[in-house]
Protein chains: 8
Amino acid sequence: MTGQYNSEIDLGFARLDVDRAERTGDPEVVFGGVKTPGQVVTALRTLHQAHPDLPVLATRLTDETIALCRRELPGVQVDAVGRTAVLGAARPAHGRVAVVCAGTADLPVVRECAVTVAAFGSRPETIADVGVAGIHRLLAQRDRIASCDVVVAVAGMEAALPSVLGGLVGAPIIAVPTSVGYGWHMDGLTAWLAMLNSCAPGVLTVNVDNGFGAGVAAARIARRMGG
Amino acid sequence: MTGQYNSEIDLGFARLDVDRAERTGDPEVVFGGVKTPGQVVTALRTLHQAHPDLPVLATRLTDETIALCRRELPGVQVDAVGRTAVLGAARPAHGRVAVVCAGTADLPVVRECAVTVAAFGSRPETIADVGVAGIHRLLAQRDRIASCDVVVAVAGMEAALPSVLGGLVGAPIIAVPTSVGYGWHMDGLTAWLAMLNSCAPGVLTVNVDNGFGAGVAAARIARRMGG
Amino acid sequence: MTGQYNSEIDLGFARLDVDRAERTGDPEVVFGGVKTPGQVVTALRTLHQAHPDLPVLATRLTDETIALCRRELPGVQVDAVGRTAVLGAARPAHGRVAVVCAGTADLPVVRECAVTVAAFGSRPETIADVGVAGIHRLLAQRDRIASCDVVVAVAGMEAALPSVLGGLVGAPIIAVPTSVGYGWHMDGLTAWLAMLNSCAPGVLTVNVDNGFGAGVAAARIARRMGG
Amino acid sequence: MTGQYNSEIDLGFARLDVDRAERTGDPEVVFGGVKTPGQVVTALRTLHQAHPDLPVLATRLTDETIALCRRELPGVQVDAVGRTAVLGAARPAHGRVAVVCAGTADLPVVRECAVTVAAFGSRPETIADVGVAGIHRLLAQRDRIASCDVVVAVAGMEAALPSVLGGLVGAPIIAVPTSVGYGWHMDGLTAWLAMLNSCAPGVLTVNVDNGFGAGVAAARIARRMGG
Amino acid sequence: MTGQYNSEIDLGFARLDVDRAERTGDPEVVFGGVKTPGQVVTALRTLHQAHPDLPVLATRLTDETIALCRRELPGVQVDAVGRTAVLGAARPAHGRVAVVCAGTADLPVVRECAVTVAAFGSRPETIADVGVAGIHRLLAQRDRIASCDVVVAVAGMEAALPSVLGGLVGAPIIAVPTSVGYGWHMDGLTAWLAMLNSCAPGVLTVNVDNGFGAGVAAARIARRMGG
Amino acid sequence: MTGQYNSEIDLGFARLDVDRAERTGDPEVVFGGVKTPGQVVTALRTLHQAHPDLPVLATRLTDETIALCRRELPGVQVDAVGRTAVLGAARPAHGRVAVVCAGTADLPVVRECAVTVAAFGSRPETIADVGVAGIHRLLAQRDRIASCDVVVAVAGMEAALPSVLGGLVGAPIIAVPTSVGYGWHMDGLTAWLAMLNSCAPGVLTVNVDNGFGAGVAAARIARRMGG
Amino acid sequence: MTGQYNSEIDLGFARLDVDRAERTGDPEVVFGGVKTPGQVVTALRTLHQAHPDLPVLATRLTDETIALCRRELPGVQVDAVGRTAVLGAARPAHGRVAVVCAGTADLPVVRECAVTVAAFGSRPETIADVGVAGIHRLLAQRDRIASCDVVVAVAGMEAALPSVLGGLVGAPIIAVPTSVGYGWHMDGLTAWLAMLNSCAPGVLTVNVDNGFGAGVAAARIARRMGG
Amino acid sequence: MTGQYNSEIDLGFARLDVDRAERTGDPEVVFGGVKTPGQVVTALRTLHQAHPDLPVLATRLTDETIALCRRELPGVQVDAVGRTAVLGAARPAHGRVAVVCAGTADLPVVRECAVTVAAFGSRPETIADVGVAGIHRLLAQRDRIASCDVVVAVAGMEAALPSVLGGLVGAPIIAVPTSVGYGWHMDGLTAWLAMLNSCAPGVLTVNVDNGFGAGVAAARIARRMGG
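Residues numbered from 1 in each chain as written. Chains lettered and ligands numbered in written order. Predicted model: local features only at pLDDT ≥ 70, side-chain atom pairs only at ≥ 80, totals over all residues. Heavy atoms only, no water.

1. Here we look at the overall build of chain A
Along its length, chain A carries nine helices and eleven strands. Buried residues in chain A amount to 66% of all 227 residues. Taking the contacts inside chain A whose residues are at least 6 apart along the sequence as the reference set, 67% of them involve residues at least 24 apart. Accessible area for chain A stands at about 6800 Å²; split by element, carbon and sulfur atoms hold 50% of it. (Helix = DSSP H or I, 4+ residues; strand = E, 2+ residues; numbered from the N terminus. Buried < 20%, exposed > 50% of the residue type's maximum accessible area, 1.4 Å probe, protein only. Contact = heavy atoms within 4.5 Å. Areas by Shrake-Rupley, 256 points an atom, 1.4 Å probe, with all protein chains shown as cover.)

Here you go:
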């Protein structure tokens, strides 16, 4: 642990860890949930200057932050459903990630995940509305899903999707529980517990609604594998 | 509410509600979990005398109770896996109940359910080991399941079985969560929550491992429907 | 599992599963809780065109969605208490479902349930405000309830209603916990747990406030039984 | 707060609070759950010497402790079901306490409660096996229960008993949840939550299986009221 | 259980149980939390006409309901802190109830309790801000508290008040947990659990913030005891 | 326990415990979370008059209360991030307290803590944004942290900071969990549980977001130690 | 979804899914936790015959099962710490998986994981006892860990290990919570929650103590990457 | 972070962190809960050789481990109640730590704490059985407690002890919840929550039954303060 990791930029409200890309291959990401619009814009701009060759990402943006990003950051790419912003050149994509979801209510999480996959250097393919109560819709997509390097399965309610997928394909499966339901589901805990107890071996999970975390992991796996 | 419901037999350790069959169509059942072997035998014998034309049932029997039943109650029918005992003539069966389960670990619950279905006047059909991680095994049984009047779906872990079934058949589905798993599942709460949050509409549930309760309900529905 | 189940209509925001009626006997239902008013109206209209002979149902509608339905969908039948909309001809009713509740605060759930029962082909009878703390009010309705094919018991707080009913009638009982209380009740978990632990055998449950799920199940049972 | 309350007897393993009777009207009680048989015997004997005119009570006794009490304490009164021991003269009883329970599995709690009621100076009347799934058995006992000064309602599972009683009688009701059930009930939490959410106003509760606490409270109320 | 208990008045939104006073000694109470202002006013007026000699009570009133009560119900007595309304002549008071609280944040619960005590026929005495972290303030009130027939102890946070009181006085103690705290307390569960685990024997509890329930129970006990 | 502790000042809405400084060395603190702006101002002014030589503190202030303090209390020192107000002369500082945090979202808790440390007579040093995912940032601050008398570690999410610190320094460590996260963390329970289960021996904790409590404890320790 | 997936072998107690290797690349695994020793031996032998070229794995074996495997299955490789058995030829290993743990109590989970990694076709490297309270031990292993294709981080208590690792290396990280602790940790829930809330982006988790699931996922990722 | 912290001794089953004393002032401690008797003895002997001038400690010892320590480690000091062993010369004591407990059932935790205090270089004073339900017993010890440098308050059930102490003394208070109770207390969660919600400012907590952690922290504070 030598001194080369000690660089950081102090913005007053945060110390940006600009050596992280050297250590882990990816720049720091701006979590918009607890920052003001101005702080997000400043952080994105600073990270972009420190990493001119890589896209930099901000997530969980409010409407106000999205508006300010559009005004202040030329060339920014904003996704209003997934609530993300990306600044900087696109990154070459290696490998393919299937982002599969059970219902339309899961789309914000799907979009956050897909944008993250691209920002971290892989290619997302979105396959929506293939819940297990209409199993034929899922089976019809089996070959397309099986051809990807990694599968991200996004689902709320009883969250059975990754279990069925885990019996159909051999690719690594990352399950994202969502806080979607019709009644009492303990804010997504139901989906989360179900995914952790999947009868299909090897299903991996992230936190509730955390499309970002799933995207980071999926891209890091797929970009090492794919062409 | 007139006096005709006031009959009861005081055994010292319990007051048997011998009018229950008149009110609900079925005699009282002996819950063995909190009774001594001798108490179970006495209760079964007394209920049998009060209802000579109907089978009477005891559940959750210990090994000691099963042994005593065999010694003391001629003609008793014991199921050592489901831990039940039945005394008295078989009841004419009306309708058919599919009792479907995901894994071999669910069999004790399946057996408790199937015996209860028969004791309450319907015909059980057991279809085991059709979990969703091998979806083809389940699809291969679809027509047989769809031909029944009621479906009981027994599953632990993520408990996805009733959701998939609910998209395949139109019969009423009763889901029984089991306390089976590979890791932390909160003693079956995971399966229970998953079943209550099924994306298939109309799935009904009972308590964890409660094959008895599912069997009572299934038989009461099926025997009114079937031939 | 042949190809005849592969039909679906892609609306952009959702893939409608228009073969579901063929598989299960009932068309898909629009869950309004996570859709915009425009999406609900489009989905109802599309489902109505796919199933001209059956009523199609939307639930959990906001005030805005109710208003838009009334403007855009001639002939729609809206229930502002139960927050439902039904489009299309009434369905012949088979069997009768008693929808019983403990208190006035349970009425929205009761109405969601009763509308669903009718949309799925049975006849609801509502019996309100018969909580167990005034047991005589419940006993006075006993014969009427016992004459129905299925009983739906809606209750919050300690949710004792299905247990008392389960000792009085032999019909199948579906218990719906509601998130109603005077103090800390864990958002309806209390009622839910109580119903799952009912001392009356065979009580079935759905999720908290899920009148829709209870209605689907009750109608599917009753319409097979009743005349 | 003057010095007269500073008396205590140091036994090495405990400091007995021998002034408690002066402050609260009742001597300290020996909780056997965390003491050795020898410690219980010593504590009972010491308390008896400090309060020769009052019975002294020990609860939650193991089989070993019960045996040692019988050997070492002449005149002790032991209840093997309720797991209690009482040493000293009976106390004059004032008022009457109905101790009502739902099922036979609740009897150990009922007995702990009844013995405590007597030791604290009131008269217990036990009415067992009047659960709400056989409502007529409960109604048949209504007048007898209503004639008591206080009602203790002991119940597990869904614990509906105090709610029904609360609508039938005007006496104070103390509800004791028990850890009895058929499936998952969170070690009695279900009964506890149900009792705290009783729709009958004014129901009071103690902890799960705490017949002792209910007995103390009931006796303190009844002995001030009754003749 | 004869017919004399079958009287009820159907208001459309509720069936008032006007025989309850005959069965339990107290008229039904209007729970304002789930009723419109107009419904509360109608219910109070109807109950007042059915019970001209007793005060009738409504609880958990919103600002709108309080305003409407003042306009529409001459002679109504409103408590804006406790959010209650009482209509009808004061009831003769028997016995005295000490309503003790730990902090100023507990006052709404204290007032709901005190008003209920009076409406149910006893005399409340409020003793506020005697939390255990300033034990001398509590000890200074000891004799006054000990002179009452019943003690209601209202406390949030760690809720130690009833335990300390239980060692100081012999009167029955009813503990009311409140949802007051400085950090994470699980919406009052902490106080609730603490009160149920009080080391002082015989402490009784009601639900979180349920001053009404405590008041009903306290008055029913005190009015039987006191002069 | 003599009478000298019986002084208190009754403000109508609260009884101020003006002897507390004599007993514990520090005056009472005003918890603004449940008081009106006027009540906070009155309480601060009264405490200041009772303790002219010590600073008096109010916490958890709303915007309205902060504005009123500025208008009504000359010389008050307000921290708008930590939501505190201090009235009266600064207190001589003894010892030093390191207040370390993992991320920028933890700053409000850090500021509440630092202001409290100063008000209770020690010297805070804030070291922000040294989370464990950038371990070099933390190691670079090791010697500075180790030179303090007490360390307060503020962290949300997985809350690993105090465990790493506990292996690096021998000073007492007080851990403050914060309700900060990216997904489901049970309102800070995750951080709280993690801190209580720290693998570094001797880590002490306070409640979620309770910078005030940590500051009180840290100052009481440090001021006894430091110069 | 064609018929070629319909092969299965019915053993009486289980239907082995012998086509799974064709669909997912790996044969079914025998979960020993709910099977008798004889059932495990039969299942291993049957799977070995169906997959003569691949190792087949059984997990969670009891002492009795381990003994029977050794007697009945020539050539079986048993790990008594990880409680696994492997039958059949070793599989060529592709890629490398670092299996890192915090303490010696985590070793059974580490061993279950490492054996699974090998059985699923990758090469495990175990690095034990590098918990975060001795951060230098972990930093000393940084380069070795960073050279692997996938990192499995096994930890109990506060489970900070994956967060620190996530800031040091860019490889995919799979976190396994263990039920290890010194006090109340909710059976591993603490570690689980902490890992799901890791401040390092992209950390993936499996269920508590589920070294098997982590091993399956790690091997499937690493064998696609490595040489 | 230089190389001087890289020393460690690999025992096969554990890597002892023999530099910890240099970094934190105290040697590593052997947690016996998850080690065999032989491993504990080896670890104690190795740590003793590495730190000949300091006592080394092992906690949570089984009966077997205690016996083996006595046989194999001459001069070892064993506490059979607190389940600890100490090897090596006594350490000079600085400062005094009051270890106060509510009931006799708390003694094992008290002893683990007191032994740890001594091993970490301070002087423990034990004051047992001063629970708040006999408040006079606690007040009688007030001056003795107030004269100590740190107070450890050990309590189960409602855990009110630290709140009362916090209003009486100004010393730092460390609260240890214990898993002691009469009914349902969620394995000590009740006491834990209560202590974290103490109304006395500045109360610090450790995990349930963790007398060791409290002892470490208390000694580190007191030895810096006292003479």
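Additional details are given in the paragraphs that follow.
2. Re the interface of chain B and chain C
Across the boundary between the two partners, chain B contributes 34 residues, which contact 34 residues of chain C. The junction of chain B with chain C conceals about 3000 Å² of combined surface from both sides, 63% of it contributed by carbon and sulfur atoms. Summed over the three residues of chain B that lose the most area to chain C, namely Leu196, Pro201 and Leu204 of chain B, the buried surface amounts to 18% of that side. Here chain B and chain C share zero salt bridges between them. Connecting chain B to chain C are seven residue pairs in polar contact (both at pLDDT 80 or more). Only helix H1 (20-24), helix H7 (161-168), helix H8 (189-196), strand E11 (204-205) and helix H9 (211-225) of chain B provide two or more residues apiece to the side of chain B that touches chain C. Classifying every residue of the side of chain B that touches chain C by side-chain character gives 20 nonpolar, nine polar and five charged. (Buried area = accessible area lost by both parts, 1.4 Å probe. Salt bridge = Lys/Arg side-chain N within 4 Å of Asp/Glu carboxyl O. Polar contact = N/O pair within 3.5 Å; in protein donor to acceptor, adjacent residues only side chain to side chain. Nonpolar A, V, L, I, M, F, W, Y, C, P; charged D, E, K, R; others polar.)

3. Some details on helix H7 (residues 161-168) of chain A
Judged by how many residues are buried, H7 of chain A sits mostly within the fold: eight of eight residues are covered. When we look at burial in H7 of chain A, the residues that qualify are Leu161, Pro162, Ser163, Val164, Leu165, Gly166, Gly167 and Leu168 of chain A.

4. Remarks on the sheet that holds strand E5 (residues 77-79) of chain F
All names here are of chain F. The strand order E3-E4-E6-E5 describes an open sheet built from four strands, whose pairing is mixed. Whereas interior strands pair on both sides, the edge strands pair on one side only; in this sheet they are strand E3 (30-31) and E5. When strand E4 (residues 56-59) meets strand E6 (residues 84-87), the two strands line up antiparallel, connected through three bridges. Opposite valine 56, over in E6, you have leucine 87 as the bridge partner. With respect to the sheet, helix H2 (residues 37-50) is in contact with E3, E4 and E6, its orientation differing from that of E4 by roughly 160 degrees. (Pairing = 2+ DSSP bridges. Axes fitted to C-alpha atoms, helices over the stretch in contact; angles between N-to-C directions.)

5. Section: unusual backbone geometry
Its identity is not glycine, yet aspartate 209 of chain D carries a phi of approximately 65 degrees, on the positive side. Of the residues examined, aspartate 209 of chain D reaches a relative accessible area of 21% and is grouped as partly exposed. Positioned with a positive phi, methionine 157 of chain E is a non-glycine residue whose angle comes to about 50 degrees.

6. Side note on the packing of aromatic side chains
Inspection of every chain in the model, using the stated rule, returns one aromatic pair over all chains. Relative to tryptophan 192 of chain H, the ring of tryptophan 192 of chain F lies with its centre 5.7 Å away and its plane at 40 degrees, an arrangement referred to as tilted. Remark: tryptophan 192 of chain H occurs in helix H8 (residues 189-196) and tryptophan 192 of chain F occurs in helix H8 (residues 189-196); the pair is interchain, linking two chains. Neither residue differs from the other here; tryptophan 192 of chain F and tryptophan 192 of chain H are each classed as buried. (Phe/Tyr/Trp six-rings, centres within 6.5 Å; stacked < 30°, edge-to-face > 60°.)

7. As for the packing of H8 of chain B against helix H8 (residues 189-196) of chain C
Relative orientation of the contacting elements H8 of chain B and H8 of chain C amounts to 105 degrees, with a least axis distance of 14 Å. Considering their axes alone, H8 of chain B and H8 of chain C lie roughly perpendicular with respect to each other. When H8 of chain B is examined against H8 of chain C, the residues Trp192, Leu193 and Leu196 of chain B are found in contact with a partner set consisting of Trp192, Leu193 and Leu196 of chain C. Classifying every residue of the contact of H8 of chain B with H8 of chain C gives six nonpolar, no polar and no charged. (Parallel < 35°, antiparallel > 145°, perpendicular 65-115°, else oblique.)

8. With respect to the interface of chain F and chain H
Contacts between the two partners involve 34 residues from chain F and, on the opposite side, 34 residues from chain H. Interface area, chain F with chain H, both sides summed: about 3000 Å², of which 64% is carbon and sulfur. Between the two partners, chain F and chain H, sit zero salt bridges. With eight residues, the top contributor of residues to the side of chain F that touches chain H is helix H9 (residues 211-225) of chain F. Of the residues belonging to the side of chain F that touches chain H, the class tally is 20 nonpolar, nine polar and five charged.

9. Some thoughts on the relation of the copies chain B and chain C
With an RMSD of 0.0 Å, the operation that places chain B on chain C is a rotation of 180 degrees combined with a shift of 0.0 Å along the axis. In symmetry terms, the pair is related by a two-fold rotation axis. Of all interface residues in chain B, 100% are interface residues in chain C too; the two copies therefore contact each other through one and the same surface. (Least-squares fit on C-alpha atoms with pLDDT ≥ 70 in both.)

10. Remarks on the pattern of salt bridges
Per the stated rule, a full pass over the model turns up 80 salt bridges over all chains. Glutamate 125 of chain A is the partner of arginine 96 of chain A in a salt bridge, and the nearest nitrogen-oxygen pair spans 2.7 Å. Of the two residues, arginine 96 of chain A is situated in strand E7 (residues 96-101) and glutamate 125 of chain A in strand E8 (residues 123-127); the sequence distance between them amounts to 29 residues. For arginine 96 of chain A, a relative accessible area of 22% corresponds to the partly exposed category. Residue class for glutamate 125 of chain A comes out buried when judged on its relative accessible area of 19%. We note a salt bridge from aspartate 143 of chain C to arginine 142 of chain C, for which the minimum N-O separation is 3.3 Å. Members of the salt-bridge network, linked through shared partners, are Asp26, Arg91, Arg220 and Arg223 of chain A.

11. Some points on the sheet that holds strand E5 (residues 77-79) of chain B
Residue and element names in this part refer to chain B. What the four strands build is an open sheet, ordered E3-E4-E6-E5; its pairing is mixed. For this open sheet the edge positions go to strand E3 (30-31) and E5, each flanked by a neighbour on one side alone. Both E5 and strand E6 (residues 84-87) contribute to a ladder of three bridges, which runs antiparallel. By the bridge assignment for E6, glutamine 77 is matched with valine 86. Sheet strands in contact with helix H4 (residues 107-119) are strand E4 (56-59), E5 and E6, and its direction is about 165 degrees off that of E4.

12. Section: the domain arrangement of chain A
Note on interface size: it is often stated as the accessible area lost on association of the parts. Residues and elements named next belong to chain A. With domains assigned, chain A is organised as domain 1 (8-87) and domain 2 (96-225). At the junction of the two partners, domain 1 supplies 13 residues and domain 2 supplies 13 residues. When the two sides are added together, the surface that domain 1 and domain 2 hide from each other amounts to roughly 1100 Å², 57% of it contributed by carbon and sulfur. On the domain 1 side of the interface with domain 2, the three residues burying the most area are Asp26, Arg60 and Val81, jointly 38% of the side's total. Summed over the shared surface of domain 1 and domain 2, the number is four salt bridges. A salt bridge links arginine 220 to aspartate 26; the nearest nitrogen and oxygen atoms lie 2.9 Å apart. Put simply, domain 1 and domain 2 have five residue pairs in polar contact (both at pLDDT 80 or more) between them. (Domains from an automatic or database assignment.)

13. Let's talk about the relation of the copies chain F and chain H
In summary, the two copies of the chain are related to each other by a rotation about an axis coupled with a shift along it. Superposition record for chain F on chain H: RMSD 0.0 Å, screw rotation 180 degrees, translation along axis 0.0 Å. Here 100% of the contact residues of chain F are again contact residues in chain H; the copies associate through an equivalent surface.

14. Concerning the environment of proline 92 of chain G
By the element assignment, proline 92 of chain G lies in the loop between strand E6 (84-87) and strand E7 (96-101). Sequence separation between proline 92 of chain G and valine 208 of chain G is 116 residues; the distance between their C-alpha atoms is 29 Å.

15. A few points about the environment of glycine 134 of chain F
Among the secondary structure elements, glycine 134 of chain F is positioned in the loop between strand E8 (123-127) and helix H5 (135-139). Sequence spacing of glycine 134 of chain F and alanine 102 of chain F is 32 residues, and the spatial spacing of their C-alpha atoms is 9.7 Å.

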